[in-house]
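Structural overview for review
Listed below, chain by chain, are the residues.
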Amino acid sequence: MVVALHVLSLLPDFVLYQLGIAGGWLGYLLDSRHIRIGLRNLALAFPDKRAKERRRILRASYLNLGLSAAEYIRLGGFFYRRLRWRVKYSRFEYWAKMKRRYPGKGAVILTAHFGNFELLPAAHALHGYPITLVHHTQRFLAGDALMTYVRERAGIKVIRKHAAARAVLKSLNQGELVGIPLDQNAKRSEAVFVPFFGEPAATSGGLARLVAIAEVPVVPVFLLRERNRRRHRIEILDEIPIQRTDDSSADIEENTRRFTRAIEDFVRRHPTQFLWTHRRYRTRPRSMPPVYD
């Protein structure tokens, strides 16, 4: 698979991007199961929008995925460092500010499956700020090995999710940046139900627990694809205030709510770049009916 990526990466960028657009269109036209999921999610998120507008958002989301796949070929193959010049920063100086405010401490980069989410930690590392990324091992082992290879080559340190807590705390105590996406459905055993677009969403409370122990800032960061489709901007937002009281359970729920709200606010501003085809509401409160057929 690595060889195939290198061979495909020999294609010029304008060919790769056109292939990505074609792949995105094919996905939108043929992927009926995920289209249903995406439209259901969009109906919950934007009930006031017309069905035609929700379909437009979902179609644009598929095109973003196709373009991201083309960029992944470049990232995994030859000339991958040229992607650095296609990503610029908004508020790059914020990390220096965080180091002054929290001397000797790292920070959690709160993010989501938004824009080209694989390019975010790679571009961040290529700009001189390496990220430690919590990685969920994929069932397709060859694909998992490829993903790990691409990430590590770009300078990303990978932590396996099944052994993440201790390794993440160690990284944070060593002053590292740790990237954690928090927009996926969580298992009931680890879930905190907090609103996401007004609907109870099972969200992992693990991040809130880690932050309570490490006492580090949580900074929302997203990679936003710009209008020309080939360039990106890393948006660094203000750190999220953390609630710390004598009631640890209430703190975990409230801080998870704040983390999820930060993601929702950014997605509301740029809905066409979010991954709408994930079953975000698969795990439901026991008293509520299922969302998906």
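For the structure, check the block above.
Here the structure is a predicted model, which is why all the values come from computation and not from measurement.

Reading the values: the criteria
- Along each chain, numbering runs from 1 in the same order as the chain's sequence is written.
- Only residues with pLDDT of at least 70 get local features here, since the model is predicted, and only at 80 or more are side-chain atom pairs given and counted; chain-wide, interface and lining totals rely on the full set of residues.
- With hydrogens and water set aside, each side-chain value is computed from the structure's full complement of heavy atoms.
- Think of it this way: any DSSP run of H or I at least four residues long counts as a helix, any run of E at least two long counts as a strand, and we number them from the N terminus.
- Only C-alpha atoms enter the radius of gyration; for comparison, a globular chain is expected to reach 2.2 Å times N to the power 0.38, where N is the number of residues.
- The buried label applies to any residue whose accessible area, calculated with a 1.4 Å probe on protein chains only, is under 20% of its type's maximum; exposed applies above 50%, and partly exposed to all values in between.
- The contact rule is simple, with two residues in contact once any of their heavy atoms fall within 4.5 Å.
- Paired strands, in this sense, are two strands between which DSSP finds at least two bridges.
- Helix axes use the C-alpha atoms of the stretch in contact, all axes being lines fitted to C-alpha atoms, and the angles between their N-to-C directions lie in the range 0 to 180 degrees.
- The working definition used for a salt bridge is a side-chain nitrogen of Lys or Arg within 4 Å of a carboxyl oxygen of Asp or Glu.
- Note on ring pairs: Phe, Tyr and Trp rings are taken, using the six-membered ring of Trp, and paired if centres are within 6.5 Å. Classes follow the plane angle, with under 30 degrees stacked, over 60 edge-to-face and the rest tilted.
- Put simply, a charge is over a ring when the Lys NZ or the Arg CZ is close to the ring centre, within 6 Å, and near the line of the ring normal, within 35 degrees.

Let us look at the overall build of the protein chain. Within the protein chain, the regular secondary structure consists of 10 helices and 9 strands. Taking 293 residues into account, the globule formula puts the C-alpha radius of gyration at 19 Å, and the protein chain, at 19 Å, falls close to it. In terms of its C-alpha atoms, the protein chain occupies a principal-axis envelope of roughly 55 × 45 × 35 Å. Across the 293 residues in the protein chain, those meeting the buried criterion constitute 53%. Once local pairs closer than 6 in sequence are excluded, the contacts in the protein chain between residues at least 24 apart make up 75%.

What follows is about the sheet that holds strand β3 (residues 131-135). Backbone-to-backbone hydrogen bonds join strands into a sheet, with any given pair of strands oriented parallel or antiparallel. Taken together, the 7 strands give an open sheet; going across it, the order is β1-β9-β8-β2-β5-β3-β4, and neighbouring strands pair in mixed fashion. At either end of the open sheet lies a strand with only one pairing partner, and these are β1 (87-90) and β4 (157-160). With direction set aside, neighbouring strand axes in the sheet form an average angle of 30°. Examined bridge by bridge, strand β8 (residues 218-225) and strand β9 (residues 232-236) share 5 bridges and lie antiparallel to one another. What sits directly across from V221, in β9, is I236.

Before going further, it helps to spend a moment on the pattern of salt bridges. Across all of its chains, the model carries 17 salt bridges by this definition. Measuring nitrogen to oxygen at the nearest pair gives 2.6 Å for the salt bridge that ties R74 to D13. Highlighted residues: R74 in helix α4 (residues 51-76) and D13 in helix α2 (residues 13-30), separated in sequence by 61 residues. When its relative accessible area of 12% is taken as the criterion, D13 is described as buried. The closest approach of N and O atoms between R268 and E264, which form a salt bridge, is 3.0 Å.

It is worth spelling out the packing of aromatic side chains at this point. A complete count under the given rule lists 15 aromatic pairs for this structure. With a centroid separation of 6.1 Å and 50° between ring planes, the pair formed by F78 and F79 is classed as tilted. Residue class for F78 comes out partly exposed when judged on its relative accessible area of 37%. Seen in terms of ring centroids, F274 and W276 are 4.9 Å apart; in terms of plane orientation they differ by 85°. Their pairing is edge-to-face. Residue classification places F274 among the buried positions, given a relative accessible area of 4%. One aromatic cluster is present, built from ring pairs that chain together F46, F196, F197, F274, W276 and Y281. The aromatic ring of F46 is capped on one face by K49, whose charged end is 5.3 Å from the ring centroid. Note that R280 overlies the ring of F196, its terminal NZ or CZ placed 5.5 Å from the centroid.

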